[in-house]
Amino acid sequence: MEQTTVTISDTSYAKRRGDLMKLISSLTSLGAQAELDLPRIVCIGSQSAGKSSLIEAISQIRVPRDSGTCTRCPMECRLSQTGPEGKWSAVISLRIEFNDAGKRLSKTKTYSFGNTIYDTDAVEPTLRRAQAAILNWGTRSRSSLLDMDEAELLGVQSKLKFSKNIVCLRVSGPKLTDLVFIDLPGLIQNAEEDIIHLVESTVTEQIAGNSIILVTIPMSDDLENQKAALLAKNEDPTGMRTIGVLTKPDMLTSGASRSKATWLDVIEGRKHLLKHGYYCTRQPEDSDRIKGITFDHARQAEAEFFQKTLPWSTSLQTERFGTLNLTEKLSNLLCEKINESLPKLQAEVRNALDQTNSQLENLPPALSGDPSSGLMALITQFCTTFEAYVEGKRNHESLVQANFHTYWIFKLKIRRSAPDFRPFETHVPFEKITKIVGDEPLPEGVALLSLPVYLKDVRERIEEAKTRELPNNTPFPAKVGLIENFTKTWATPVEECFEEVKDHIHNLLKRLIRKHFGRFINLESQILSRTNLKASASSIHIPKIPTIIKRAGRTFWVAHFKAVRAGCLDGTSPHSEVEDADSKDESSPGDDNTASLQNEALATLAKLGFHIQVSDLQKLVPSDPWEDEMAVAAEVRSYYQTSYKRIIDNVPMIIDNTFLRRLSKGLLNSLILGLGFSDPERAGSYLSEDEVVRSKREELLSRRKRLEGARRELSKFGY
C-alpha cells in the first residue's frame, strides 16, 4: 500500500492556511476564546491511548511522557511555517484563565515561560517545567522552576493534580504547517472523584461548540469501552465534526483476526459511522523513540507497516491509513471550519460589543484626579438633576406630574366638604336640589361629605347662639359655628397632601442617590442622612383661613335659595335669572306672557303715580318667614366659596415655593457644608467605590478590549 507523500503544506489548505491560522492565533492571543466560539481541533482520549504519540507525529516535537498520566493540563499547539529559509524556533507561554477550583477568571492573562527555544531537544524538558508551573500557580515562581534540574523537578509536590489552565506552545519552522490544536489531559478512571470530574469537565468544555473532535482510540480495546468516544458522541450526536483516530494497530496479534476484521469495518465505514470517518495511524515504539527516530523515518516505517500487514494492506481506502493522510484531512476540515465561522464570528463580536457597551453605559464612569474635585462634580450633577425634576424640565417631568395629581385629589377633598344647605324647613325628597349653581361640578359618582342642613337646623343654631344682640341681628357665633363645620375638616386633607408630596420627593431622592452614589457605599449613606426631609418640612406653615364673613356672593346665594324654595330646582328664579351677586346686569323677562303682565301692571301703577321698575315688583312679594335663616346660609356658603378657592390655590403654592424649591436651591450648599469638601482624605474615603461595581466595570472593560481587538483582526481579514 502506497501512502500519499504530501504534507499539509502541499494541500489546497495551504493557499489560505497562513492567513486563517494567523487570524485564529491572534484571536486566541487576545483572549477572544473567552467570548467567541473559535474554530479549533481538540484531541481527546483515555489515558495511554496513544494520544501523546499522535501529537508528536503531527507537531514533530517531543512531549512529556511520564509514567501514568502524561498530560496534566491542556496544551495548545500552534504551528506555523516560516518558509524554506526560515529557522526553527519554539516559544512557550502560560495562559491563566481559571482559578484553582476551575472557575473562569474575569481576566485572561498570558505569561511568557523562558526564552525562545532553538533546539528541538529542549522543548520536552521545558514543557515539563511549564506544566509544573501551571500545577503550582501562585506557589512557585516561573524562574525557580526553569532553573531546576530534572531530579529537583521530580521532587516537586504539585499543588494541583490537574488544571484547566493552558500551556501554550508556538512552533515555527520550514517543514511545519500552519495549524492549531489543543491536546487535553487523558481521561482517567482510577482517581479521586473530584479529579475525574475536573478532567471530564475540561474535555466537555473544549469539545463543545465550534470544534473538530479528534478522538484517539487504541485498537487494543473495544470501541464500546472508550469513554472519550462516549463524550464526543454526547457533544456531537450526529458525528458531523468528530474524527476517530485508531492507534496501536501493531498491538493486534496475528491471531486476532476477528478484532482486525471488526476494526477494518470501522475504518471502511461499515460500523460506528461518523461523517468524516476513522483514520488509522501507527507510531514508533518506545525503543525507536529512545533511539531518536526522525519524523521522516517514522512516517516511512508507518507506510511500510500498512503496506505489508493484513488486513490493512488489502483495503481499497488507502487514504484512511497513515499520519500524513490524517493530517491532510484535519487541515482541510479546519480550513473549512474557519471559513464557515468567519461571518458568524463577526456577528458575535458585534453583538457582544453592543451588549458590553450597553452594560458599561449603565455603570457610572470611574473617577480620577483630585478626590475633592471628583466629589464636587458628583454632588453638583446630583443637585442639578434633582432641580430639573423639581422644575419639571424636559425628560424630568415625573415629579411635577405626580404632584399635580396629588393636588387634584386635595382639591377634590376640599370641594367635597362644601356645606349642603337646603332652603326648606325639613327634609324633602328631591335629590336634585343638591345641585349648586356656579360651583365646579363633582366627578360622576362623587358626592358631598357633609350632611344636608335645613332652615330649621339653621334656626336652631341661631337660637342657641343668641345672647345680647340688638333686635333683628343674627348672632355672629352662629355663622362661625356653621363655617367651622367644614373648615375643621380641612386639616387632614392638607396634611395628607403634604405627606404625599414628601413621599414623592423621598422616593425620587432615593432613586437619584442610588443612581449617582450607589457605587460609593460610604457616600451614599451620608447623602441619604443629609437629605432627610423632616428638617425641610418642619419649616412649612400652612396659614389658617381667617373666619371673616365677606359679603361677596351673599346676594347670589340668597337669590339661589329663594329660587329653589319657589320651585325652580335648577336654582333659576321664576321671576328672573339669578346671576352672580357682584353682577349689575338687569334681569331679563321670563317669557312673553310674564313680560306682558308685568308691563300692564307697571302702566297701571304709573297712572296711580307709582313709577317703579320691573325689579321693584319683587318688593311686593310677601317676605319669607325663613328670610333670616336663608341669609345666614347664604353668607356661610359664600364664605366657603371664597375660602375654598383660596386654600386649593395657596396650599400647592406654599408646598412648591417654601418646600420643594427651597429644598432644591439649598441642597448643594447643605451637602457641601455637611460633607467637608476641604479635607481631601475625607473626600477620598467617601469615594471608596463598591467592590462589586468596580469589579464589574473592570470585567466589562477587559471584555470590550478583547472584543475590539477581535473586531480589528476580523476586519483585516475582510469581515
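Every chain is numbered independently, its residues counted from 1 as its sequence is written. Side-chain atom pairs in this predicted model are given and counted only at pLDDT of 80 or more, local residue features only at pLDDT of at least 70, and totals for whole chains, interfaces and linings cover all residues. Derived side-chain values reflect all non-hydrogen atoms in the structure, with water molecules and hydrogen atoms excluded from consideration.

1. Observations concerning the packing of aromatic side chains
Within 6.5 Å between ring centres, the rings of Phe, Tyr and Trp (the latter by its six-membered ring) count as paired, and their orientation is classed by plane angle as stacked under 30 degrees, edge-to-face over 60, tilted in between. Counting across every chain of the model gives 11 aromatic pairs. Grouping aromatic residues by their ring pairs yields a cluster made of F486, W490, Y639, Y640 and Y644. Lying over the aromatic face of F305, R282 brings its terminal NZ or CZ to 5.3 Å of the ring centre. The lysine or arginine in question, K502, covers the ring of F498, its NZ or CZ lying 5.1 Å from the ring centre. In this scheme, Lys NZ or Arg CZ marks a charge over a ring once it lies within 6 Å of the ring centre and within 35 degrees of the ring normal.

2. Structural notes on the environment of W490
A run of DSSP states H or I qualifies as a helix once it reaches four residues; a run of E qualifies as a strand once it reaches two. Both are numbered from the N-terminal end. Along the chain, the position of W490 falls in the loop between α15 (476-487) and α16 (491-517). On a C-alpha basis, the gap between W490 and Y644 in space is 9.8 Å, while along the polypeptide they are 154 residues apart. For this analysis, a polar contact is any N or O atom pair within 3.5 Å, provided that within protein one partner can donate a hydrogen and the other can accept it, and provided that sequence-adjacent residues contribute only side-chain to side-chain pairs. Within the structure, the side chain of W490 is placed 3.4 Å from the backbone oxygen of F486, a separation counted as a polar contact.

3. Describing the sheet that holds strand β3 (residues 89-98)
By this definition, two strands are paired if DSSP reports at least two bridges between them. The sheet built from 9 strands is open, its strands ordered β4-β3-β5-β2-β6-β1-β7-β8-β9 with mixed pairing. In this open sheet, the two strands that pair with only one neighbour each are β4 (104-112) and β9 (278-280). Across this sheet, the average inter-strand angle for adjacent strands is 20°, counted without regard to direction. Direction of pairing for β3 relative to strand β5 (residues 166-173): antiparallel, over a ladder of 7 bridges. Bridging from a neighbouring strand, R95 pairs with I166 of β5. Working rule for contacts: check all heavy atoms of both residues, and any pair within 4.5 Å makes them a contact. Note on geometry: axes are lines fitted to C-alpha atoms, helical ones only across the stretch in contact, with angles between N-to-C directions running from 0 to 180 degrees. Packing against the sheet, helix α2 (residues 51-59) makes contact with β1 (40-45), β2 (75-81), β6 (179-183), β7 (211-218) and β8 (242-247), and its axis sits at approximately 165° to β6. Most of the contacts of helix α6 (residues 193-207) go to β1, to which it runs at about 150°, and overall it touches β1, β3, β5, β6 and β7.

4. As for the pattern of salt bridges
Counted as salt bridges are all cases of a side-chain nitrogen of Lys or Arg within 4 Å of a carboxyl oxygen of Asp or Glu. In total, this model carries 29 salt bridges according to the counting rule given. Between R299 and E302 there is a salt bridge, and its shortest N-O distance comes to 3.0 Å. With R299 and E302 both in helix α10 (residues 295-308) and 3 residues apart, this pair spans about one turn of that helix. The salt bridge involving K479 is made with E635; its shortest N-O contact spans 3.1 Å. Placement of K479 in helix α15 and of E635 in helix α21 (residues 627-675) is noted, with a sequence separation of 156 residues between them. Residues joined by salt bridges that share partners form a network here, namely E56, R62, E124, R128 and R289.

5. Here's the deal with the confidence of the model for the protein
Confidence of the predictor at the level of single residues is given by pLDDT, which spans 0 to 100. Per-chain confidence: the protein averages 80 in pLDDT, with 85% of residues scoring 70 or above. Confidence scores differ between elements of the protein, with helix α18 (residues 533-538) showing the lowest mean pLDDT of 57 and β9 the highest of 94. Counted against residues more than four places away or in other chains, residues 545-552, with its pLDDT under 50, gives 21 contacts. With pLDDT under 50 throughout, residues 569-590 is counted as low confidence; its partners more than four residues away or in other chains account for 33 contacts.

6. Details of the nonpolar core
Of all hydrophobic cores here, the largest spans 62 residues; its most connected members are L169 and L214. In terms of residues, this core owes the most to one element, helix α11 (residues 323-361), which gives 11 residues. Residues contacting L169, with those up to four places away along its chain left out, are I61, M75, E76, C77, R78, A90, V91, I92, V123 and L127. By nonpolar core we mean a set of buried residues, namely Ala, Val, Leu, Ile, Met, Phe, Trp, Tyr and Cys, connected to one another through side-chain atoms within 4.5 Å. When a residue's accessible area, from a 1.4 Å probe over protein chains only, is under 20% of the maximum for its type it is buried; when over 50% it is exposed; and in between it is partly exposed. By size, the runner-up hydrophobic cluster in this structure holds 54 residues, among which are L378, V390, F486 and V636.

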